[in-house]
Amino acid sequence: MSKLAKFPEGFLWGGAVAANQLEGNFQADGKGLSTADVSPNGIMSPPDYSMKDFNLYHEGIDFYNTYKEDIALFAEMGFKAFRFSIAWTRIFPNGDELHPNEKGITFYENVIDELLKHDIEPVITISHYEMPLHLVREYGGWKNRKLVEFYERYAKTLFERYHEKVKYWMTFNEINVLLHAPFTGGGLLFEDGKKNEQDIYQAAHHQFLGSALAVKVGHEINPDLQIGCMIASMITYPYTSKPEDMFAATQQDRKTLFFSDVQSRGYYPSYMKNYWIENDIEIEIEDGDLEILREHTVDYIGFSYYMSFVASTDPEHLKQQASGNLLAGIKNPYLKASEWGWQIDPVGLRTVCNQLYDRYEKPLFIVENGLGAVDVIEEDGTIQDDYRIDYLRAHIAEMKKAIGDGVDLIGYTSWGPIDLVSASTAELKKRYGFIYVDRDSEGKGSNKRLKKKSFDWYKNVIGSNGEKL
Ligand code: BG6
């Protein structure tokens, strides 16, 4: 390995979670209904307003009440950072109020204080895969420009209240989810059920504006804040060296990079402007919008990485489907997959780091990565999750190489350091944690926390600043 492949001092090791996947207590202390609260089949599935079905998100793992003991466990592993999201509906239950719900503000202030007590840097995602349901029903979600104003007020409230305690922020989780799951990303519903790109790209414009205005107001309140974007990285390989396959891969990558291009470079790239013309998509852009995008770009690039993708122009290859949460792709014959069919590709992480750093030359923050797997409690009470250790070890080794390549990487928060409800399938059978939660997909169990084998392994990784993998 290169002699320069070393994690820098102060590297932000930790874990990442999202409010709707672990807090539970979905109506406590004045919280309003969010889109996740009506998604019993997973927050990437169509909503079910009946509220009759059992919904695991309503209970989560009860983090709302257990955050102190859970954070103590993170501290025991030596976490330097903890990424979590704020449920918009705890702060503004309907989303369009003028004044926030103080009980919601206090809850997150308590979480932040608990982290700081343990010297853990809070990293906040302002919007992670959920929004007030009222904004969907009353306004039609993000295709409505009013959402920009509501989001800006929400973000400003958070910056005003927490800016002295929280330096790292992200405006939207996996903002590119909008293209693949428009309800999850933007509260968009379509009458005939068919995706309508006009609405999707209009909603994207509004989210870009909301994000840029959040960067603006955040920096006005405190110039030291680091406010980033967050994309689901989806690097695509050509299936063969056929030039047409390479171009198909380039086109597929653009669907992802478009989002970080706008948020980081501050303007609409020509490939997308042409795509809109070709497809009769007309985005309403008001005077001053483009200046806002240009002047308030993000400070760093946050991204998740779980797998890589393959593009091909050969119909035979297109038949070989793999799985994923946002996008299913073609099977890559060189890769193994997780139990859920996600293709495992550690080297892809090194490539993504290089690709993003070459393109933006801004610090990178890997804010999600991990293996969803079924864990078994042995007779002696232990959980031998060597498969998880293998996955994480291989990915961390590659990101270390990326640092050797010259990439400015500031942190790594693995996904779901404590088991939580999955986003795509609303289950607890699929686990990501170093900490096991005794609760199943039917919501049964004691909710007790148990350390898996990976708990001590990750503790050692952090303790040695990535030298002992
Ligand atoms: C990411 C999301 O895409 O993938 C998380 O930001 C999600 O919210 C994670 O949980 C893993 O996906 P899943 O479906 O296994 O929970």
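From a predicted model like this one, the values you see are computed outputs, not experimental measurements. (Residues numbered from 1 in each chain as written. Predicted model: local features only at pLDDT ≥ 70, side-chain atom pairs only at ≥ 80, totals over all residues.)

> Please clarify how helix α14 (residues 346–360) should be interpreted in this entry.
Given 3.6 residues per helical turn, the α-helix brings residues three or four places apart onto the same face. The end-to-end C-alpha distance of α14 is 22 Å, a good match for the 21 Å that 15 residues give at a rise of 1.5 Å each. Contacts from the buried residues of α14 go to α10 (243–265), β7 (300–304), β11 (364–368), α15 (386–405) and β12 (409–415). Two residues or fewer after α14 comes E361, characterised by a positive phi angle close to 50°. (Helix = DSSP H or I, 4+ residues; strand = E, 2+ residues; numbered from the N terminus. Expected span 1.5 Å × (residues − 1). Contact = placed C-beta atoms within 7 Å.)

> Mind showing me how you'd approach the pairing of strand β4 (residues 168–172) here?
Successive side chains on a regular strand alternate, one facing one side of the sheet and the next facing the other. Counting buried positions along β4 yields five of five residues, so the element is predominantly enclosed. Here four bridges tie strand β3 (residues 121–127) to β4, and the two strands are oriented parallel to one another. Within β4, the position partnered with T125 by the bridge is M170. In this sheet, strand β5 (residues 226–232) lies alongside β4 in parallel orientation, the contact comprising three bridges. Opposite Y168, over in β5, you have Q226 as the bridge partner. (Buried ≥ 20, exposed ≤ 12 C-beta atoms within 10 Å, placed from the backbone. Pairing = 2+ DSSP bridges.)

> What is the right way to look at unusual backbone geometry in this model?
The bulk of non-glycine residues show a negative phi, and the bulk of peptide bonds are trans. Phi is positive for N25, close to 50°, though the residue is something other than glycine. By the element assignment, N25 lies in the loop between α1 (19–22) and α2 (63–76).

> Where do I start with the sheet that holds β7 in this structure?
Within a sheet, adjacent strands bond to each other through the backbone by hydrogen bonds, running parallel or antiparallel. Around the barrel, eight strands lie side by side as β1-β2-β3-β4-β5-β7-β11-β12; this closed barrel has parallel pairing. Going from strand to strand, the sheet's axes swing by 25° on average, the running direction of each strand aside. Strand direction decides the pairing type here: strand β2 (residues 81–85) and β3, joined by five bridges, are parallel. Note on β3: the bridge partner recorded for S85 is T125. Its contacts with the sheet place α10 against β5 and β7, and it is angled at close to 165° to β5. (Axes fitted to C-alpha atoms, helices over the stretch in contact; angles between N-to-C directions.)

> What is the right way to look at the UniProt feature "active site" (unreviewed entry) in the chain in this model?
UniProt annotation of "active site" (unreviewed entry) refers to E368 when read in the numbering used here. Assignment of secondary structure puts E368 in strand β11. The exposure class of E368 is buried, given the 25 C-beta atoms found within 10 Å. Here E368 is in contact with A16, S304 and W415, once residues within four sequence places are set aside. (UniProt positions renumbered as here; feature names shortened; annotations may be inferred.)

> Explain helix α9 (residues 197–221) to me, please; I cannot follow it from the model alone.
Look at α9: 36 Å from first C-alpha to last across 25 residues, which is about the 36 Å you get at 1.5 Å a residue. For α9, a buried count of 18 out of 25 residues is recorded, marking the element as mostly surrounded by other parts of the structure.

> Which parts of the structure should I look at to understand the packing of α15 against helix α16 (residues 453–463)?
Angle between the axes and distance between the axes: these two values describe a pair of packed helices. Contact geometry of α15 with α16 gives a least axis separation of 9 Å together with a crossing angle of 20°. In terms of orientation, α15 lies roughly parallel with respect to α16. Considering the relative orientation of α15 and α16, their crossing is right-handed. Taken together, the residues of α16 that come into contact with α15 (itself represented by D386, R388, I389 and I396) are K453, S454, W457 and V461. A per-class count over the contact of α15 with α16 returns four nonpolar, one polar and three charged. (Parallel < 35°, antiparallel > 145°, perpendicular 65-115°, else oblique. Left-handed = near helix turned anticlockwise from the far one by under 90°. Nonpolar A, V, L, I, M, F, W, Y, C, P; charged D, E, K, R; others polar.)

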